[in-house]
Amino acid sequence: YHTDEVCQSSGINAEYGEVTAKDREKAKIVIDTICSMFSEHCSNQFCCEAVEIVSSSGSVMTPNMGYRTEVCSAKEMCLKSGITDLSSEDVANLLCRMYLPSKCIGDEVSVEVGPTRHDILHQCDIEEDVAIAYGFNNIPKQIPDIYTIGTEQEVNKLTDSVREELARAGFTEVLTFSLCSRDDISSNLRIPKAIDNAVQIANPKTYEFQVVRTQLLPGILKTVSCNRKMPLPLKLFEVSDVVIQQEEADTGCQNLRNVCALYCGKTSGFEVVHGVLDRLMMALNEKDYSIQQSGDPMFFSGRGADVILGSKKIGHLGILHPEVLEKFEISLPCSVLEINLEPLI
């Protein structure tokens, strides 16, 4: 905000102000508020002169100093605020105390919103001013007619248990981005068709954030790539959501809670991630699981397996293929375990 003292041809001293902003609406709010405050000190009190701004898109008069009228139900405002002993006249008087000139029209209240109250957008904002003027501490406390008992979701309980078990096993938790590039979940993992099941961003700003991840593995591999100078072995894990397309869902997609654990060292460490799987299943008291050899192309030939719970595949584990490691600029062998936790609830 910038001001200059100017002298008009009539010899009257005046204050000229200008506001620069990236957002036209915010600039309008600022100039309306400042002019309202300054006008109190003018010789002709509460008067200001508008300026015409001419641009290539047209001309506009500013400041606008606009007033608008909102008509609200006094009964409804009191009901939503929890106040039971106010008439429409009382509501109008309370709003006047909040610099919102009001008058009664039967059971309704007509409220005049001036240029200094740009925070009043909807009726709920007026209801808040009624409660403030009445005093929050004066509103009687009531027990709701309907009550609910809050509880932690089962998937979050399971997530916390898995985190604790992996931390006890010496693994370090990481938190990676939910978005990644198309290549990270497809060609970089040697699974080109995986992109068909991914939720894609309509207008991605960068190459790194094109789709929502369908696996946790790409984020952990990027973490390993950025921490290659750290002491070996690297034992990392993440428990978070992935998103896949689901036509039956209302949103067309579905969130799944996955856990991914990775071992990176001078040896592959397949026995380590296999032990992590056994430890998790033991901790969750789950005995009806098995592993079967997998032909997943992301794994080294003959070194990958599917995790089967009952008769349903819930994940996989194995030694990553050298081409996958090369795509993420990793020169050491890595073994990974990734399973969906929701069938274990």
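Residues numbered from 1 in each chain as written. Predicted model: local features only at pLDDT ≥ 70, side-chain atom pairs only at ≥ 80, totals over all residues. Heavy atoms only, no water.

Colleague: Would you mind showing me how to read the overall build of the chain here?
Modeller: Helix and strand content of the chain: nine helices and 16 strands. Taken over C-alpha atoms, the radius of gyration comes to 32 Å for the chain, far larger than the 20 Å a tight globule of 345 residues would show. Dimensions of the chain, computed from the C-alpha atoms along their principal axes, are close to 90 × 55 × 40 Å. Looking at the chain residue by residue over its 345 residues, the buried ones come to 38%. (Helix = DSSP H or I, 4+ residues; strand = E, 2+ residues; numbered from the N terminus. Rg over C-alpha atoms; globule rule 2.2 N^0.38 Å. Buried < 20%, exposed > 50% of the residue type's maximum accessible area, 1.4 Å probe, protein only.)

Colleague: Can you walk me through the layout of surface pockets in this structure?
Modeller: Where empty space is left can be seen by rolling a probe of water-molecule size over the atoms. The computed volume of the second largest pocket comes to approximately 540 Å³. Lining the second largest pocket are 19 residues, and of these Thr 214, Gln 215, Asn 258, Lys 313 and His 316 sit closest to its centre. Looking at the lining of the second largest pocket, the elements with two or more residues in it are strand S11 (234-245), strand S12 (253-264), strand S15 (312-320) and strand S16 (334-340). When its residues are assigned to classes, the lining of the second largest pocket shows eight nonpolar, seven polar and four charged. (1 Å grid on protein atoms, 1.4 Å probe; cavity = no way out; pocket = protein on both sides within 12 Å on 5 of 7 lines; lining within 4 Å. Points joined across faces, edges and corners; volume = space filled by probe spheres on them. Nonpolar A, V, L, I, M, F, W, Y, C, P; charged D, E, K, R; others polar.)

Colleague: Explanation requested: the sheet that holds strand S6 (residues 102-105) in the structure shown.
Modeller: Across a sheet, strands are paired by hydrogen bonds formed along the backbone, either parallel or antiparallel in direction. If you walk across this open sheet you meet the three strands as S5-S7-S6, and the pairing is antiparallel. Taken across any chain shown, the strands that pair with only one partner, and hence form the sheet edges, are strand S5 (68-73) and S6. Adjacent strand axes in the sheet meet at a mean angle of 25 degrees, parallel and antiparallel pairs treated alike. Here six bridges tie S5 to strand S7 (residues 108-113), and the two strands are oriented antiparallel to one another. Bridge assignment links Arg 68 to a residue of S7, and that residue is Val 113. Strands S6 and S7 of the sheet are contacted by helix H3 (residues 88-97), whose axis makes an angle of about 165 degrees with S6. (Pairing = 2+ DSSP bridges. Axes fitted to C-alpha atoms, helices over the stretch in contact; angles between N-to-C directions. Contact = heavy atoms within 4.5 Å.)

Colleague: How should I be thinking about the nonpolar core in this particular structure?
Modeller: Inside soluble globular proteins, nonpolar side chains tend to come together where they are buried. Ranked by size, the top nonpolar core spans 26 residues in total, and within it Leu 189, Leu 217, Leu 221, Leu 262, Met 298, Leu 320 and Ile 330 carry the most contacts. For this core, the elements supplying multiple residues, two or more each, are helix H7 (217-226), S11, S12, helix H9 (322-327) and S16. Beyond its immediate chain neighbours, meaning those up to four positions away, Leu 320 contacts Leu 217, Leu 221, Met 298, Phe 299, Phe 300, Leu 325, Cys 334 and Val 336. If you look at the next biggest cluster of nonpolar residues, it comprises 23 residues, including Phe 171, Val 259, Val 276 and Val 307. (Core = buried A, V, L, I, M, F, W, Y, C linked by side-chain atoms within 4.5 Å.)

Colleague: Just checking my understanding: could you explain H3 for this structure?
Modeller: Helical geometry: 3.6 residues make up each α-helical turn, so side chains three or four residues apart lie on a common side. Within H3, the full set of buried residues consists of Ser 88, Val 91, Ala 92, Leu 94 and Leu 95. For H3, the buried positions fall inside an angular range of 160 degrees around the axis, keeping them on one side. Tucked inside the fold, the buried residues of H3 contact helix H2 (74-81), S6, S7 and helix H4 (123-134). Following H3 by one or two positions, Tyr 99 adopts a phi angle in the positive range, close to 60 degrees. (Arc of directions from axis to C-beta.)

Colleague: Would you mind showing me how to read a nonpolar patch on the surface here?
Modeller: There is a patch of nonpolar side chains on the surface, built from Tyr 16, Val 51, Ile 53 and Val 60 and spanning about 310 Å² of accessible area. With respect to the helices and strands, the residue Tyr 16 is situated in strand S2 (residues 13-18). Take Tyr 16: its relative accessible area is 37%, and that puts it in the partly exposed class. (Patch = residues over 30% accessible without salt bridge, like charges linked within 9 Å, V, L, I, M, F, W, Y side chains within 5 Å. Areas by Shrake-Rupley, 256 points an atom, 1.4 Å probe, with all protein chains shown as cover. Salt bridge = Lys/Arg side-chain N within 4 Å of Asp/Glu carboxyl O.)

Colleague: Just to check I follow, could you spell out the state of the cysteines for this structure?
Modeller: Covalently bonding the sulfur atom of one cysteine to the sulfur atom of another cysteine gives a disulfide. Throughout the structure, instances matching the rule amount to zero disulfides. Cysteine Cys 78 is unpaired, with the sulfur of Cys 104 as its nearest cysteine sulfur at 11 Å. Cysteine Cys 180 is unpaired, with the sulfur of Cys 260 as its nearest cysteine sulfur at 13 Å. Overall, Cys 180 belongs to the buried group, its relative accessible area being 5%. (Disulfide = S-S within 2.5 Å.)

Colleague: For this particular structure, what's the right way to read the pattern of salt bridges?
Modeller: Taken as a whole, this structure holds 18 salt bridges when the rule is applied. Between Glu 76 and Lys 80 there is a salt bridge, with its nearest N and O atoms 3.1 Å apart. With Glu 76 and Lys 80 both in helix H2 and four residues apart, this pair spans about one turn of that helix. Relative accessible area serves as the criterion here: at 34%, Glu 76 is assigned to the partly exposed category.

Colleague: How do you make sense of H2 when you look at a structure like this?
Modeller: Residues of H2 that are buried: Ala 74, Met 77, Cys 78 and Ser 81. Buried residues of H2 fall within an arc of 95 degrees about the axis and therefore sit on the same side. Exposed side chains of H2 directed beyond 90 degrees from the buried face belong to Lys 75, Leu 79 and Lys 80. For H2, the secondary structure elements touched by its buried residues are S5, H3, S7 and H4. One or two positions beyond H2, positive phi appears at Gly 82, with a value near 80 degrees.

Colleague: For this particular structure, what's the right way to read the sheet that holds S15?
Modeller: Strand order in the open sheet formed by seven strands is S8-S11-S12-S16-S15-S14-S13, with mixed pairing between adjacent strands. Of all the strands in the sheet, the pair left with one neighbour each is strand S8 (172-173) and strand S13 (289-293). With seven bridges connecting them, strand S14 (residues 299-309) and S15 associate as antiparallel partners. The partner of Phe 299 across the bridge, within S15, is Leu 320. Of the strands in this sheet, S8, S11 and S12 are in contact with helix H5 (residues 154-168), which crosses S11 at around 160 degrees.

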